[in-house]
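Observations on the model geometry
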Amino acid sequence: MSRALSWRAVVVWVLLAALPVLPFMSKFYLLLAFDALLFGAIAMSLDLLIGYTGLVSFGHAAFFGLGAYASAVLLERGIVSLWACLLFAVLVVGLYALVVSYFSTTRRGIYFALLTLIFAEVVYTFFRYTQTFGGSDGIQGVPPPRLVGGFAIDTPMRNYYLVLVYLGLAYLACRVLVTSHFGKVLVAIRENEDRARFLGYNVQRYKMAVCMISALLTGLGGALYPGRSAFATPDLMLWTVSGEFIIMVMIGGLGTLAGPVVGGAFFVLLQEKVSSYVDWYFIVIGLVLIFIVLFMPKGLLGIRELLGGRRWRATA
Amino acid sequence: MARDGVVLEVDTVSKSFGALAALSNVSLVVQAGQIFSVIGPNGAGKSTLFNVVSGLHVPTTGRVRFRDRDIAGLAPETINRLGVAKTFQITNIFPEISVFENVRVAAQSRVRESGRLPSLWRLPDVEAAAADLLRAFGLAAKRDEMAENLSHGEQRYLEICLALATEPTLLLLDEPTAGMTPGETKEATALIRQIASARGLTVLLIEHDMSVVMGISDRIAVLHFGEKIAEGAPEEIRSDPKVVEAYLGPPED
């Protein structure tokens, strides 16, 4: 990626930064924007696995949920430093991800997906059916985290800017990663993992590393969630949430990073809009998704290509 | 057993799959700088021999030594890092990335950062090495093409480029001219010979096309039903009655 920050990217970031000061941005819309960016960033982290490495994780909700619980547990006990929450989330998610990625990456394809799913279900079941962390109610009513001293992230606008910074840093990290030596190997693994071994790459180590990175980015996103919602519940790690993450990546466009961000935001907004009109919103969402998969197989970002833009998928 | 100039020593290697003995007590010694060919009819055990040397199979008995190091049973990536690169009989490239990116990912396997932390953010510059290889195989003009869009012959060349980019000492070529026209085969054979000598490579070659082997090899071993039935210089092999019999069937009286 030789080009510097393109003017389009600058426009997008400026618009995102200016969003809260727009006249129609109520608190409700700000929180919606928070969700859109948060899930966009998580879909982007998952894209490292699905789009770049060709590994479909069906258990990312567990990384997200564990990050949220790690944060909520500290906040509930009066440890309100944001940094402590993030650090603790990294530890908890990192430990869990180490186990999951070690075992899952020994298998390929559908078996990898199933292993990640099963691990995630174990975590879900633990939080759902033991009372240690509130059972099905989860941890409710936690105070907002503090950035420094008495500066609490307690308004929708502060939360929004926090998640915007997270998205920006996560995007930067992912962008550097996929254009590095490491990123090139990931693409080679996606294309032909057996051949990559015969070129001297310890494929399993690369897979484990990218799983860890993706899991940690997702867990950090999760750690920001209780600050916005004041809760962490087992529902955050339900397998349907993992499925939604995959759908977000698909809608946005595999292997593009920016695509899944758009996909995640689109999914959140679509769900919110449709569900405010009808109860059976999932049918509508399903139809939209089927349409996208059938007629825009390269995702929302594929439109750029139709308009004469760049190639849709990372070439390496 | 170590001797100067021996790059590869296959020592009484057997490999069976269940009741099937794919290789029985095969031994051969490949000297530095040699082009050593292994020939034999289909099913003779040639590819099994390669898979044992390159780390895909663990031999049932026997030893494989590469430059005085026992490599039998090591993982393919470890063997590659020691300096053994393999090409595949069925083209085995990275289909949906560009020709250049194919070679790049192979070449960057040998840079200092490879497998270390800085590889997460650094992109080593392997442009020169990759461009040299592409030029040598006449692929320079195709560098931005998607690999899967190359012609069959070009994909066979890319296959060899990938192996060479990992800077091997020993190159294992599994039927490099498979599926090529006679004209392409001739050209490829000459090219392999030329590149091997220019880079000081030792080559172990599998072929069933006799015309390829005779023109290129310093030494030839013949496998038949998993056993080595002959070894020698090309002209010795050509006139060996056992070899003729294995290829053409027993003489009719």
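Our subject is the structure that appears above.
First things first, this report covers the structure right here in the doc. (Residues numbered from 1 in each chain as written. Chains lettered and ligands numbered in written order. Predicted model: local features only at pLDDT ≥ 70, side-chain atom pairs only at ≥ 80, totals over all residues.)

1. Remarks on the overall build of chain A
Rules: In DSSP terms, a helix is any run of H or I states spanning at least four residues, a strand is any run of E spanning at least two, and both are numbered starting from the N terminus. C-alpha atoms define the radius of gyration, and 2.2 Å times the number of residues to the power 0.38 defines the globule rule. Exposure criterion: with C-beta atoms placed from backbone coordinates, a residue whose C-beta has 20 or more other C-beta atoms within 10 Å is buried, one with 12 or fewer is exposed, and one in between is partly exposed. Note that contacts rest on C-beta atoms placed from the backbone: two residues are in contact if these are within 7 Å.
A count of helices and strands for chain A gives twelve helices and zero strands. Reading the helices (α) and strands (β) of chain A from amino to carboxyl end gives α-α-α-α-α-α-α-α-α-α-α-α. The C-alpha radius of gyration of chain A comes to 19 Å, within 12% of the 20 Å expected for a compact globule of 316 residues. Counting only C-alpha atoms, chain A reaches 55 × 45 × 40 Å along its principal axes. For chain A, the proportion of its 316 residues judged to be buried stands at 53%. For chain A, the share of sequence-separated contacts (at least 6 apart) that also reach a separation of at least 24 residues comes to 78%.

2. A few points about the sheet that holds strand β6 (residues 84-86) of chain B
Residues and elements named next belong to chain B. Condition: A pair of strands is considered paired only if DSSP assigns at least 2 bridges between the two. To get an axis, a line is fitted to the C-alpha atoms, and for a helix only the part in contact is used. The angle between two axes follows their N-to-C directions and goes from 0 to 180 degrees.
As summarised here, the arrangement of the six strands in space is β6-β7-β8-β3-β9-β10, forming an open sheet in which the pairing is mixed. For this open sheet the edge positions go to β6 and β10 (227-232), each flanked by a neighbour on one side alone. Going from strand to strand, the sheet's axes swing by 15 degrees on average, the running direction of each strand aside.

3. Details of the interface of chain B and chain A
Rules: Each residue receives one of three labels: charged for Asp, Glu, Lys and Arg, nonpolar for Ala, Val, Leu, Ile, Met, Phe, Trp, Tyr, Cys and Pro, and polar for the others, Gly being one of them.
Taken residue by residue, the interface counts 29 residues in chain B and 21 residues in chain A. Those elements giving two or more residues to the side of chain B that touches chain A turn out to be α2 (76-82) and α3 (99-107) of chain B. Taken together, the residues of the side of chain B that touches chain A break down into twelve nonpolar, nine polar and eight charged.

4. Here's the deal with the nonpolar core
Under the convention used in this document: In this usage, the nonpolar core is the set of buried Ala, Val, Leu, Ile, Met, Phe, Trp, Tyr and Cys residues whose C-beta atoms join them within 7 Å.
L37(A), M237(A), V103(B) and C161(B) are the most contacted members of the largest nonpolar core, which has 177 residues in total. Each residue touching L37(A), except ones within four places of it in the same chain, is listed here: V163(A), L164(A), L167(A) and A265(A).

5. Some thoughts on the pairing of strand β2 (residues 20-31) of chain B
Residues and elements named next belong to chain B. Pairing between strand β1 (residues 6-17) and β2: eight bridges, direction antiparallel. Paired with V13 across the two strands is V26, which belongs to β2. Between β1 and β2, which pair antiparallel one after the other, the connecting turn spans two residues, and G18 there sits at a positive phi close to 60 degrees.

6. Side note on helix α3 (residues 60-76) of chain A
Under the convention used in this document: By this rule, a helix spans an expected 1.5 Å times one less than how many residues it contains.
Counted at 1.5 Å a residue, the expected span for α3(A) with its 17 residues is 24 Å, and the 24 Å between its end C-alpha atoms agrees. Within α3(A), 16 of the 17 residues are buried, leaving the element largely enclosed by the surrounding structure.

7. Considerations on the sheet that holds strand β4 (residues 61-66) of chain B
All names here are of chain B. The antiparallel open sheet is built from four strands, whose spatial order is β2-β1-β4-β5. In this open sheet, the two strands that pair with only one neighbour each are β2 and β5 (69-70). Of the strands in this sheet, β1, β2 and β4 are in contact with helix α1 (residues 46-54), which crosses β1 at around 115 degrees.

8. Observations concerning the packing of α3(A) against helix α5 (residues 109-129) of chain A
Residues and elements named next belong to chain A. Keep this limit in mind: Each helix crossing is assigned a hand: it is left-handed if the near helix lies turned anticlockwise from the far helix by less than a right angle, otherwise right-handed if that turn is clockwise.
In contact at an axis separation of 9 Å, α3 and α5 are set at 35 degrees when each is read in the N-to-C sense. For α3 against α5, the interelement crossing comes out left-handed. Packed against α3, whose contacting residues are A61, A62, L66 and Y69, the element α5 presents F119, A120, V123, Y124 and F127 at the interface. Across the contact of α3 with α5, the residue classes break down as nine nonpolar, no polar and no charged.

9. A few points about the environment of V7(B)
Looking at the secondary structure, you find V7(B) in strand β1. Here V7(B) is in contact with V30(B), Q31(B), A32(B), F66(B), R67(B), T169(B), L170(B) and T202(B), once residues within four sequence places are set aside.

10. With respect to the environment of I216(B)
Residue and element names in this part refer to chain B. Structurally, I216 is set in helix α7 (residues 210-216). Using a count of 22 C-beta atoms within 10 Å as the deciding quantity, one classes I216 as buried. Distance from I216 to S14, taken between C-alpha atoms, is 27 Å for residues 202 residues apart in sequence. What I216 contacts, discounting residues up to four positions off in sequence, is I35, T189, I192 and R193.

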